[in-house]
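Geometric and topological summary
So the chains spell out like this:
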Amino acid sequence: MSLGRSTLDLHGMNHNDAIIKSEDFLLELSCTRYFDGILITGNSKVLQNKIIKEVLEKHDFSWYIPSWNQGQIIVSQ
């Protein structure tokens, strides 16, 4: 089993575009059996909360915000 780690950088996007891009990115990744993706959000807790509610919880993804870099969300299936 091989875990690939893909990254999506959301810097400079407005929140609506960032949510759409995040959802598209994660749904495409989820077509593989195992995945590990990183969403780079910067330090916007507002954006992180929107992504959590509107994408991650909606699609039942597993995720966490690492203590060593709170400007990203690590997502898996």
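In what follows, the structure referred to is the one given above.
The structure displayed is predicted, hence computed values, not measured ones. (Residues numbered from 1 in each chain as written. Predicted model: local features only at pLDDT ≥ 70, side-chain atom pairs only at ≥ 80, totals over all residues. Heavy atoms only, no water.)

The subject of this paragraph is the packing of aromatic side chains. Scanning the model with the defined rule gives two aromatic pairs in all. Aromatic side chains F35 and F61 sit 5.8 Å apart centroid to centroid with 85 degrees between the ring planes, which places their arrangement in the edge-to-face category. On the criterion of sequence distance, the pair formed by F35 in the loop between helix 1 (15-29) and strand 2 (36-40) and F61 in the loop between helix 2 (45-56) and strand 3 (62-64) is long-range, its members being 26 residues apart. Seen from their ring centres, Y64 and W68 are 6.5 Å apart, and the 65 degrees between their planes marks the pair as edge-to-face. The exposed category is assigned to W68, whose relative accessible area is 63%. (Phe/Tyr/Trp six-rings, centres within 6.5 Å; stacked < 30°, edge-to-face > 60°. Helix = DSSP H or I, 4+ residues; strand = E, 2+ residues; numbered from the N terminus. Buried < 20%, exposed > 50% of the residue type's maximum accessible area, 1.4 Å probe, protein only.)

Moving on: the environment of S76. On the secondary structure map, S76 appears in strand 4 (residues 72-76). By relative accessible area, which is 26% here, S76 ends up partly exposed. On a C-alpha basis, the gap between S76 and Y64 in space is 9.1 Å, while along the polypeptide they are twelve residues apart.

Note that all results are geometric; they support no functional claim without further evidence.
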